[in-house]
Amino acid sequence: MKNLHNIIHGIGGISLKLKLLIPFLFFAFASTTILTIISLTSQQNLIKKEERNLLLQHYRLFLDRLDQKQAQAISIASSFADIPDTGRLLAEDDRVALQNYITPIYQNLKNNQGVSQLYFHRPPGISFLRLLNSEEHGKTAGLDKKSVSEIFSGAENSVCLEMGKAGLVTGGAEPVYYNGKIAGSVGVLFTLGKPFIDDYSSRWKINAAIYTIAGGKPERITAAGGHSLENISGIYKENGNIREPDIMISPEKHPDMSVLIGPVENCFGEVVALIVLNSDRTPTLKRLAGNRNLMVSAGIAVILISFLFIYLVIDLFIKPIKEIVAEAREIASGKRENGLDVKSSDEVGSLTTTLNTMIEALKNRRIEIEDYARTLERSVDERTSELLESEEKYRTMVENVPLVVYRILKDGTTEFVNSYLTENIGYTVEEALDNKRFWRDKIAGEAPEAFKTVWNTCFIKGEECRLDHKVRAKDGRLLRFITHSIPTTDENGEVKWVDGFMLDITELKRLEERAIQTEEVRTLGEISARMAHEIRNPLSIAGGFARRLRDAMKDDDPNKRLSIIIVEEVAKLEIFVTGLLSTITPFELTLSKVSINELILESIAELDRLLESRNLEIVSDLESNIPDIEADHKILCQAVINIIKHSIISSPQNENISVSTAFRDDDVVITITNAFKHMSNADIEQFFFPHIEQKLEESVLDLPLSKIIIHRHGGKINLIKIGENILKIIISFPVRPA
């Protein structure tokens, strides 16, 4: 559509002379060309029609020639039937006498009349004598079966065209009477061979050939002339089933010929042969070419004369307009003060008068515009200064505000973004402006659903949207933002663009998490301190008396076993209190670069004996290229040992424990997975609270301290229950400590 508009616009820009000249010249060329084509086409059609009629006339002459041959055969057969001795010898069944009597006559007819066969039959159709092949006698008629059967059925005579052993033949038969009774029949045949075709071609000056039909395809049997067709398989389309002559003028394989293919029927109405007539069209084609060249030359001459005449007329018409244009240019350039010269009273004169009126009006308007322009220039300068000042204030405010301020069009183009994008996220303003997928890929890359939410809310619904989401900075940092987007619509309610700002809350989120961790540690410390102080003194007194009571009893005293149990249980409580006190004992961290993978391997090595004793195995999957973290290697290693040790003690025998590491979202993550005999949701909630194991040798009382150590390193620890008896412990440490 745009290309068509450009073409129409280009046509509108050409000169008036060409606009007038091109249509007239086109119509002159088109009309002359069409008349020439119509004349040539009509001439060719008339010539082709004449050629078709001529070929049809030759075809009818050929059929008449066949009829003449059959009439000639009947005449000769009738002459033999009228000879009295013929009937007598047939009646007496004297074949030798009949042959001796007829042979001289047959030889004369063969030499002078072209008779190919002379045959006699006796009732009811038995071959009696055939002068061509004298050995064939005593058999029912084959070639002349129809003719003979008609004769003995009472016909006066019979004619036939058949395909015999000697080729295509035609002829007729007459009955022979003796003493008023039919004694037999006599028949005469002419072979339609080369002499017949040569005679026909030379008499009517036409190339002819006869094809028999064999297997549905034409088969050449005889031809005449040096220009007769040797092969018609390329132009014969009917497979021998045609009933009407087919005429082809300049067929594809013989463009210089006109060809007729006509059917030749036998006595039974069957097509047994094709007559192919062809004539040379070379003289006709030369005559047509000469006429075409003559008409084309005449057409070109007429077109050239028309072109010249039209050009002169249009030039005479355009000349006054050119003079008006030249004078108007002089007035426009200031070389001419007075109006245009009116040289005639026709339409061009009226146009000149109108232009003079318009020029005078334009002169007055120009004076008014010059006065207005001087006043307008002062107003524009004042407004421009105010606008520049306002723009500078707005730009200063937007560039200095600690927010990412942006405007996005509906196709994703970033129309505006302030420089805080570079300071906070690391991407340049140019990167945002040049990439239509910048907000989809870079800003929403970590949260594609967030981008979809903003798009649907702002661009589809036309509503404001406020969202908390993650953004990956150019240097790999994972940041948290609150985004507030406001759509702007046109008068039709369609969203034109979305304005918005992004507030970085990464540090706020980190401080919030640290506050939660600190609160957890404080709560755990308070619980531990309160329990330790409440239990410690009564426990010491009870433990002292229990041991004295145990030592005072004799070994055979039945109550001594009970005193031993009391001492053991009190010992467990003393160990529990010691663990509680350890959680509230302050400690200092000595930070250095620590490889988590190496720390995991070291922790597993410390627990080899415990693993062997419980017939367990730790399966490790440690991700390579994990960055180091800032940590106290000794204290953190002890915390990890305590957690893995608890997993070993809690796991059933012959169950493997899985330990893996990974680097995700700026955090180094340790995942410990093991099976438990039983663990309720309440057990998970109180997992890091101080508690006492049922068996003293399996006591693990440092879990609260382990959680405190992980929190002191800025890490987090979460528990996830999978199914009924699988526990996943996830520990994460930030690469950049808060």
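Residues numbered from 1 in each chain as written. Predicted model: local features only at pLDDT ≥ 70, side-chain atom pairs only at ≥ 80, totals over all residues. Heavy atoms only, no water.

Inspection of every chain in the model, using the stated rule, returns two aromatic pairs. Ring geometry for F62 and F196: centres 6.1 Å apart, planes at 65 degrees, overall edge-to-face. Residue F62 is found in helix α2 (residues 16–81), and its partner F196 is found in helix α6 (residues 194–204); the two are separated by 134 residues along the sequence. Take F62: its relative accessible area is 1%, and that puts it in the buried class. For the pair F62 and Y200, a centre-to-centre distance of 5.6 Å together with 80 degrees between the ring planes defines the contact as edge-to-face. Taken together, the residues span a long stretch of sequence, with F62 in helix α2 and Y200 in helix α6 at a distance of 138 residues. Like Y200, F62 is buried. (Phe/Tyr/Trp six-rings, centres within 6.5 Å; stacked < 30°, edge-to-face > 60°. Helix = DSSP H or I, 4+ residues; strand = E, 2+ residues; numbered from the N terminus. Buried < 20%, exposed > 50% of the residue type's maximum accessible area, 1.4 Å probe, protein only.)

Right, let's talk about the pairing of strand β2 (residues 126–131) for a bit. Most of β2 is tucked away, with five of its six residues classed as buried. Bridge count between strand β1 (residues 117–122) and β2: five bridges; the pairing is antiparallel. When the bridges of β2 are listed, L118 appears paired with L131. Hairpin connection from β1 to β2: three residues lie between these consecutive antiparallel strands, with G125 at a positive phi of about 135 degrees. (Pairing = 2+ DSSP bridges.)

Bringing the pattern of salt bridges into the picture now. A complete count under the given rule lists seven salt bridges for this structure. A salt bridge links E51 to R281, with the shortest nitrogen-to-oxygen separation between them at 2.8 Å. Placement of the pair is E51 in helix α2 and R281 in the loop between β10 (271–280) and α7 (282–333), with a sequence separation of 230 residues. Neither E51 nor R281 differs from the other in exposure class; each is buried. The salt bridge partner of E630 is K593, with a shortest N-O separation of 3.4 Å. (Salt bridge = Lys/Arg side-chain N within 4 Å of Asp/Glu carboxyl O.)

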